[in-house]
Structure formats: structure tokens, C-alpha cells
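Here is how the chains run, residue by residue.
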Amino acid sequence: MQTGLTPTQTLSLIALMNKLVPGDDLSPAAGDSGGAEYVNMLLTAFDYDPPHIWAGGPFSGRHGGAASFENWLELGPWEILAWKSRIEDLNNQYHAGLDSLGPELAEISDEFRELVFTHACEALYGDPVYGGNREMSGWLAIDYRGDSQPKGYTDQEVSAP
Amino acid sequence: MMLGAVDGVDADAIIIGSGPGGAAVAHSLTQAGWSVILLEKGRNHLLSLQAPFAPLGHFSNDEIKFTQRHFLGPDPILEPRTFRRSLADGDRLLTGEVNNLPSTLGGGGVHADGKLPRFREIDFALRSELGPVEGADIADWPVSYADLEPYYAEAEQLVGVAGEETNPFAAWRSGPFPMPPGADMFGAQISSAAAERAGLHPYRAPTGVNSVEYQGRPACNNCGFCAFYGCPIEAKGDPVGMLRAALETGRCQIIPSAYATEITTDPARTRATGVRYLDLSVAPNAQGDAAVRELRAHHLVLAGGAFETPRLLLRNELGNSSGRVGQHLMFHFQTLVVGAFRERLWGASRGRSVTHLHDDHIDGDSASRAAAQAAGLPWIRGGIVEHGSSTGPVNEALLQGAGPHHPLAMRNSELRERLWVFTMQGEDLSQQSNCVDLDPTVRDAWGFAAGRVTYQPHQHELVTSNHVAPILEGVLRDAGAVWTAGSTSPPVGDHAGASPMGLAPASYHIMGTAKMGFDPLNSVVDPTSRLWDLPNVIIADSSVFPTSTGYGPTLTLVALATRAARLLTGNPLRQSQPT
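Everything numeric in this text was worked out from a predicted model, so none of it was measured.

Definitions and limits used
- Residues numbered from 1 in each chain as written.
- Chains lettered and ligands numbered in written order.
- Predicted model: local features only at pLDDT ≥ 70, side-chain atom pairs only at ≥ 80, totals over all residues.
- Helix = DSSP H or I, 4+ residues; strand = E, 2+ residues; numbered from the N terminus.
- Rg over C-alpha atoms; globule rule 2.2 N^0.38 Å.
- Buried ≥ 20, exposed ≤ 12 C-beta atoms within 10 Å, placed from the backbone.
- Contact = placed C-beta atoms within 7 Å.
- Nonpolar A, V, L, I, M, F, W, Y, C, P; charged D, E, K, R; others polar.
- Pairing = 2+ DSSP bridges.
- Axes fitted to C-alpha atoms, helices over the stretch in contact; angles between N-to-C directions.
- Parallel < 35°, antiparallel > 145°, perpendicular 65-115°, else oblique.
- Left-handed = near helix turned anticlockwise from the far one by under 90°.
- Expected span 1.5 Å × (residues − 1).

S.K.: A description of the overall build of chain B should follow, citing residues and the corresponding values.
M.R.: Helix and strand content of chain B: 14 helices and 17 strands. Computed over C-alpha atoms, the radius of gyration of chain B comes to 23 Å, within 12% of the 25 Å expected from 2.2 N^0.38 for 579 residues, which places it in the range of a compact globule. For chain B, the spread of C-alpha atoms along the principal axes amounts to about 70 × 55 × 50 Å. A burial count over chain B gives 62% of its 579 residues as buried.

Shown next as C-alpha cells:
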């Protein structure tokens with residue numbers, strides 16, 4: 001089974017994500033912000049040890065503390081089976097869906113559209129450790145700081161921001 | 001090596017489930033000198049099981065891991081559940097995630113944002129105080145608030161509850177909250193002021209989140225990732241405090257990834273002798289099967305929650321001489337009213353998830369009594385209303401939908417930073433037909449029948465929701481909302497066929513499937529939480545609730561679990577007095 005995306009499939013996915021979650025003058029489009037990298041990291045999660053499914057913790061290092069998000073967490077043996085099954089299914093869906101895309105990106109099933117849209121949202125607004133949200137461009141566009149530990153916020157920032 | 005391997009047993013007690021109830025029992029029994037083995041079906045992401053039992057550091061501010069990738073389990077590929085509204089839906093309406101409380105060490109306590117109110121005197125005597133409702137099973141509890149008050153006080157100390165005595169509807173207390181309340185959310189101040197203008201009585205929520213350093217755990221630093229997330233700094237009073245204290249006695253062994261499948265008994269099936277479980281920490285064998293282990297104990301404690309506990313009993317055909325195991329399933333019927341504001345409320349990114357509540361719709365007023373009468377009901381009762389925030393940006397983006405509007409909609413953030421939400425956890429009347437049972441064909445990864453929910457609300461819940469929702473919309477408009485909208489979970493009426501929250505109840509407050517009572521003919525456990533049929537088995541979760549009340553169940557289930565454990569060891573607390 002092929003895992004991950006070919007260069008052609010990657011270009012198609014970027015275009016499709018940019019159509020579903022487009023950008024404008026102030027916000028990046030999902031594809032341009034690393035959306036395909038996000039999907040590819042998930043589709044090839046088991047090429048890494050530990051698999052790139054669950055980022056580590058407790059801190060990213062962006063707000064103090066030792067950076068540990070890239071210390072990916074181990075899966076249990078049954079979790080490995082479940083995620084291998086899920087990712088095999090995702091690979092099949094992506095390969096079939098992207099290979100059948102027409103030039104206007106119109107040849108798309110509702111199911112595949114929903115899958116790509118979900119991953120576009122995860123990519124653009126999830127933590128950059130998962131491959132998307134390039135240089136935190138998705139968060140910056142919506143004025144979102146993302147994680148805040150271990151600094152957090154003061155009581156004043158919560159009650160009277 | 002097992003603990004207490006004497007008298008042919010591995011421990012004095014085996015506890016199945018490590019959520020707030022199981023953790024409370026582990027704490028209480030070990031403090032009394034008993035040895036316990038605690039089995040948890042899910043993984044351990046909570047704390048090292050070696051002294052000094054430090055945090056594992058797996059929890060983080062990570063929306064992908066916690067909301068999109070089943071980190072706290074259960075994974076629906078391994079453990080599907082099914083749902084139907086009634087027999088008319090056939091064997092099932094959907095298969096997958098149904099009320100999936102976390103399956104992980106610490107259970108539901110890990111993901112909860114820890115609103116921990118007590119019930120009130122009337123909640124334990126609803127039948128006596130208000131009388132029956134046609135089509136529902138309104139029962140008095142076999143314990144009173146006075147019976148439970150000392151255990152409430154102990155539970156608040158064990159978990160660490162921050163709060164203040166300003167709720168005019170609250171029951172009496174024997175002492176103050178262990179901690180003062182934490183920081184008020186900006187949006188909650190606005191919604192509370194409007195609620196007061198409407199004649200309501202908002203108050204700072206009792207919350208199991210540290211407002212100051214407490215028992216070696218730090219104060220909350222308001223990171224904004226509370227509900228649905230494990231706390232990276234252990235500021236949440238989830239079961240970690242009780243589990244760590246139990247481990248520190250040297251009399252508690254915790255076994256994660258241990259799926260209890262069989263309760264072993266004596267030949268007459270009148271006493272439990274132990275448990276067989278699947279060891280999910282090791283890979284399956286060549287045939288794809290999990291390793292089977294067996295433990296023996298003098299006592300067994302079921303604390304898997306109101307979904308998994310009846311599933312285990314039904315699978316083993318135990319404890320069910322009344323025929324009531326799995327029946328009388330209750331959720332809280334959720335009425336959700338949202339308001340969009342022009343100003344940024346910061347609720348989705350700073351502080352805890354909910355800092356204020358109001359209780360006014362529980363007892364109601366002349367208008368609610370008129371609404372009940374108009375509907376032909378003797379009475380209606382709502383529930384606590386949570387003044388809270390919404391969700392993270394990934395989930396907001398999914399709600400905003402695809403298309404050219406998306407980038408501007410996300411910057412405006414009407415569904416996140418400018419949204420305020422009232423969630424009423426409405427009392428759900430007990431109905432015998434609402435149940436958890438075993439799906440006839442869907443199986444989990446190990447070949448056991450999936451749990452199936454059959455549930456539809458009583459007219460009471462619909463009438464109450466219809467009465468309260470416009471009041472809440474009015475409060476939000478007065479607070480400054482430019483638009484408001486209401487919905488329910490489960491969806492009903494014109495929206496019954498579709499909801500972004502799903503067709504099954506979204507509430508994680510699951511209760512009543514092994515209810516407590518005076519009469520073994522119509523209840524599953526006795527007033528001390530022992531199974532009528534197997535007296536050396538106690539249930540220590542919200543299965544035992546005879547009614548749902550309109551309050552979150554966690555503190556009450558911890559209090560009941562502590563009481564059951566203390567009665568088991570002959571060490572009950574003395575009756576308390578108001579201060």
C-alpha cells in the first residue's frame with residue numbers, strides 16, 4: 001500500500017484545501033499554510049517512532065518550560081492496531097479522492113470533501129507540531145495565542161482583559 | 001507481585017474503574033489499611049506508578065490531540081457504542097461514539113472542568129416532596145442530604161473544591177469550602193450582571209480547580225484549556241490527588257490497560273470471588289487475542305461509570321434479579337442558548353471553562369408552575385445553568401464551514417471569542433424504557449457485545465426546556481448579544497433529525513443504570529451501595545442514582561463512593577451539623 005502523497009497528489013490537495021478554506025489579504029489559505037504537510041504527516045505517522053499521532057507534553061516551549069511537543073507519545077499495542085487501520089483507510093481515501101479530482105476540483109464526493117475540510121481546519125488551526133499552521137500563520141490571523149502553558153494568564157487577564 | 005496475597009486472594013478489594021468514584025474508594029480503603037488493586041481499562045497518561053508518583057507530562061494545550069484524535073479514549077474503532085431513540089429505530093440508529101467519557105487513568109475526572117455542586121435536600125426526596133409524574137419513575141433516595149453531608153465535606157477536601165457560600169439555593173454545609181473561588185471570567189461577569197437584572201441569582205461555581213496551591217498541587221494559571229483537556233500542571237482536582245494518596249500508602253496497585261470482562265463467583269453465584277481481565281498492555285497473540293489474567297479478592301468495587309458498569313453486569317448475568325440493571329438510564333437534558341457579542345469575551349482562550357452558575361430554574365416560580373400546568377404536568381424542574389465559553393479554533397472552524405466566508409468568519413469569531421453559552425443541565429426524569437443494554441450484533445475489538453443506549457426524553461424535559469430557553473435568550477440579549485439561538489441535546493422537535501452535537505445526548509452526565517433503593521424487587525443496590533444479589537460487590541459510580549437532579553453528578557458520586565467504602569471498613573463518618 002502506498003502511504004503518503006505523491007507530488008502530484010500534494011499539489012491537488014493544496015489546491016483543494018485552498019478552495020475549501022481559502023485565504024484573503026489577512027488570512028492564509030489552509031493549503032498554503034501547510035495543510036498538505038499536515039495530512040502527509042498523518043498518512044505516514046507510522047514511519048516514525050513513536051508514531052506521529054499524539055504530540056508530547058506538557059509544554060511547547062513557546063511560553064516557558066522545556067519544549068516537549070516533539071517528544072511524540074507512545075501508543076499502546078491495541079491503539080497501534082486501531083490507528084494503523086484508520087490510517088490505512090485514510091490513505092485509501094486520499095489516493096482515490098485526489099486521483100479522481102477533475103481540473104476544476106469539482107469531481108469530489110461529499111464524503112471526501114468533508115474529510116479534506118476537516119483536515120484543513122485541523123491543519124490551519126491546530127498546533128504547528130502536526131505539520132500545518134505554518135509559522136503559526138493560522139493562529140496569528142485570528143489573534144489566537146494557542147497554547148499558553150506554563151505561563152498561562154493572570155487573574156487580571158482573565159477577569160479584565 | 002500482587003499486594004496482600006494472603007488468604008488465597010490478591011488483595012482485599014479489586015476496583016474496576018479509576019474515575020472519581022473508583023479513586024475515592026481506593027483512597028478510603030487504603031487509608032483504612034486495606035489492600036486494593038485498581039483496574040483501569042484505558043491507558044495511564046496521568047502519573048508515574050513509581051514513587052514519588054510524579055505527573056507523566058502527557059497532558060498539554062493541544063486541541064488536535066484531545067478533541068480530534070481520541071487521546072483519552074475510548075477509540076471507537078476498538079470500542080464502538082450504539083444508539084437508538086426507541087424500538088422504532090430498529091436495532092440501532094448509529095454506531096460509534098456515544099457519550100464516551102474518557103477511558104483513561106482518572107476517567108471522566110481528567111477531562112472535566114470540575115464544576116462540583118452538591119445536591120440539595122429536596123433532591124433526595126423528590127417523590128415525597130413533589131409527587132409522581134405519569135410515565136416517569138420518581139423515587140426518593142434511600143439516603144438523605146443529612147446522611148451524605150459529612151461525605152460531601154470529605155469529598156470536597158479530597159478533590160479540592162474552590163467556592164464560596166453565596167448561592168441562596170444551596171443546602172446547608174458543615175464547613176467552608178477548602179479554597180476560595182478562582183478568577184471570574186470576563187464574559188461571566190457580563191452574563192451574571194444581566195442574570196441579576198432579570199431577578200436571577202448567579203454565583204461563583206464550586207469548582208475542583210485549585211485557586212491556590214492545594215495539597216502540593218499548584219493554583220490554576222488560567223491556561224484556557226480546561227473542559228475536555230487533561231491539566232498539564234495538575235491544578236485540576238481530578239482523581240490524581242486521591243490516586244496518589246492511595247499509592248503513597250503502599251497498599252494500592254494500579255493496573256492500567258486492564259479490561260475487566262468477567263466477574264468470577266462462588267458456585268452459588270452469591271459472592272464475587274474476583275475478576276478476569278484482558279491485559280491490553282501487551283500485543284495480541286497470533287490469533288489476535290488479548291492475554292487473559294485473573295485476580296481474586298474478598299470484595300469487588302464496580303466503578304466503570306453508568307455505561308460500563310451495567311454492561312459488565314449484563315454480560316455476566318449478575319446482580320440483575322430485579323431486572324433493572326441498565327434500565328432507568330438518565331442524562332441531563334441540555335438546553336443550550338448561545339449569544340453572539342460585538343466585543344471579545346475571551347472565554348474560549350483564558351481561564352476555566354465555566355466560572356458562574358445559577359440555580360433559579362430548578363425550583364422554578366409561578367411562571368414555571370403555570371407552564372407545567374398548561375402541559376398537564378404536576379411540576380417541572382430545570383437544572384443548573386452554566387455561564388460559559390465555547391470551543392477552540394479547530395472546532396470553531398469546523399462549525400463555520402467551507403467557502404469564501406471562512407477567513408473573515410474566523411477573524412470575527414462569532415462562534416468562539418464572541419460567543420457566550422448558557423447550558424442548562426436539566427433534570428431528566430427516570431424512565432424504565434431508557435436503558436443501556438447489549439447490542440445484538442455490534443462487537444468491540446475483543447468480541448464482546450457493544451453497549452447500546454436507548455433513550456428519548458420525557459415530556460417533562462421538553463416542557464422545561466421550552467419554558468427556560470426564552471428566559472435565557474432574554475438574559476443574553478440584555479447582556480449585549482446581537483443575536484441569540486437555542487438548541488437542545490438530544491435534538492428534538494423540528495431539529496430531531498440533525499444536530500452538530502449529534503443525535504445521541506451529548507451530556508457526559510450518565511446516571512441511573514443500577515439504581516439504589518430500599519426494595520430488591522425494583523432496585524439493584526441497597527442503601528449502602530452493595531449489590532442486593534452479591535453483597536460483597538459495591539457500585540461506586542453514578543449508576544446508583546435513583547434520580548438525576550439538576551446538578552452535575554461528580555461530587556455526589558464521590559461522596560456516595562466514600563460513604564460506601566467507609567461503611568465497608570466499619571469506619572463511617574459521624575452526622576454533621578450546619579455551621
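Having seen the structure, we can now continue with the description.
S.K.: Requested: an account of the interface of chain A and chain B, with residues and values cited.
M.R.: Each side of the interface is counted separately: chain A has 47 residues, and chain B has 49 residues. Looking at the side of chain A that touches chain B, the elements with two or more residues in it are helix H3 (77-99), helix H4 (110-125) and helix H6 (155-159) of chain A. A class-by-class count of the residues in the side of chain A that touches chain B yields 26 nonpolar, twelve polar and nine charged.

S.K.: Please provide a residue-by-residue account of the sheet that holds strand S5 (residues 203-204) of chain B, values included.
M.R.: Residues and elements named next belong to chain B. Sheet architecture is open: six strands sit in the order S5-S11-S12-S13-S10-S16, paired in antiparallel fashion. Edge strands, defined here as strands with exactly one partner in the open sheet, are S5 and strand S16 (483-489). For strand S10 (residues 333-340) and strand S13 (residues 419-426), the ladder comprises eight bridges, and the chain directions are antiparallel. What sits directly across from Phe-333, in S13, is Gly-426.

S.K.: Now, about the environment of Met-516 of chain B: what can you tell me, with residues and values included?
M.R.: Residues and elements named next belong to chain B. Take Met-516: it is sitting in the loop between S16 and strand S17 (537-539). The class of Met-516 is buried, set by 24 C-beta atoms lying within 10 Å. C-alpha separation for the pair Met-516 and Ala-112, spaced 404 residues apart in sequence, amounts to 25 Å. Each residue touching Met-516, except ones within four places of it in the same chain, is listed here: Trp-141, Pro-142, Ser-523, Val-525, Pro-527, Ser-529, Val-544 and Pro-546.

S.K.: An account of the packing of helix H1 (residues 7-20) of chain A against helix H2 (residues 31-43) of chain A is needed here, citing residue identities and associated values.
M.R.: Residues and elements named next belong to chain A. Relative to each other, H1 and H2 sit at 130 degrees, their axes nearing to 9 Å. Comparing their axes, H2 and H1 come out oblique. H1 and H2 meet at a crossing whose hand is right-handed. Contacts between H1 and H2 involve Thr-10, Leu-13, Ile-14, Ala-15, Met-17 and Asn-18 from the former and Gly-31, Asp-32, Gly-35, Ala-36 and Val-39 from the latter. Considering only residue class, the contact of H1 with H2 consists of six nonpolar, four polar and one charged.

S.K.: Could you give an account of helix H7 (residues 240-248) of chain B, with specific residues and numbers?
M.R.: Residue pairs three or four apart in sequence face the same way in an α-helix, which turns once every 3.6 residues. Residues and elements named next belong to chain B. Burial of H7 is extensive: seven of the nine residues sit out of reach of the surface. Where H7 is concerned, the buried positions are Val-240, Gly-241, Met-242, Leu-243, Arg-244, Ala-246 and Leu-247. The elements touched by buried residues of H7 are helix H1 (20-31), helix H5 (145-159) and strand S6 (252-255). Of the residues trailing H7, Gly-250 is marked for its positive phi of about 80 degrees.

S.K.: Break down the sheet that holds strand S3 (residues 81-84) of chain B for me, citing the residues and quoting the values.
M.R.: All names here are of chain B. Taken in spatial order, the four strands make up an open sheet running S4-S3-S15-S14, and their pairing is mixed. Here the strands that pair on one side only, and so sit at the sheet edges, are strand S4 (94-96) and strand S14 (435-443). Adjacent strand axes in the sheet meet at a mean angle of 30 degrees when their direction is disregarded. Examined bridge by bridge, S14 and strand S15 (residues 449-454) share five bridges and lie antiparallel to one another. Bridging across to S15, Leu-438 finds its partner in Gly-451. Against the sheet, helix H8 (residues 305-316) touches S14 and S15, its axis set at about 65 degrees to S14.

S.K.: Give me the lowdown on H1 of chain B, citing residues and values where you can.
M.R.: Residues and elements named next belong to chain B. Here H1 contains twelve residues, and its C-alpha end-to-end distance of 16 Å stays within 8% of the 16 Å for a straight helix at 1.5 Å per residue. Most of H1 sits inside the fold, with eleven of its twelve residues counted as buried. Of all the residues in H1, the buried ones are Pro-20, Gly-21, Gly-22, Ala-23, Ala-24, Val-25, Ala-26, His-27, Ser-28, Leu-29 and Thr-30. Two residues or fewer after H1 comes Gly-33, characterised by a positive phi angle close to 95 degrees.

S.K.: Mind laying out the environment of Ala-32 of chain B, listing which residues take part and the relevant values?
M.R.: Residue and element names in this part refer to chain B. Positionally, Ala-32 belongs in the loop between H1 and strand S2 (36-39). By the C-beta count within 10 Å, which is 16 here, Ala-32 ends up partly exposed. Through-space distance from the C-alpha of Ala-32 to that of Asp-91 is 46 Å; in sequence the pair is 59 residues apart. Apart from residues no more than four positions distant in its own chain, Ala-32 is found in contact with Thr-569 and Asn-571.

These values are about where atoms sit, not about what they do.
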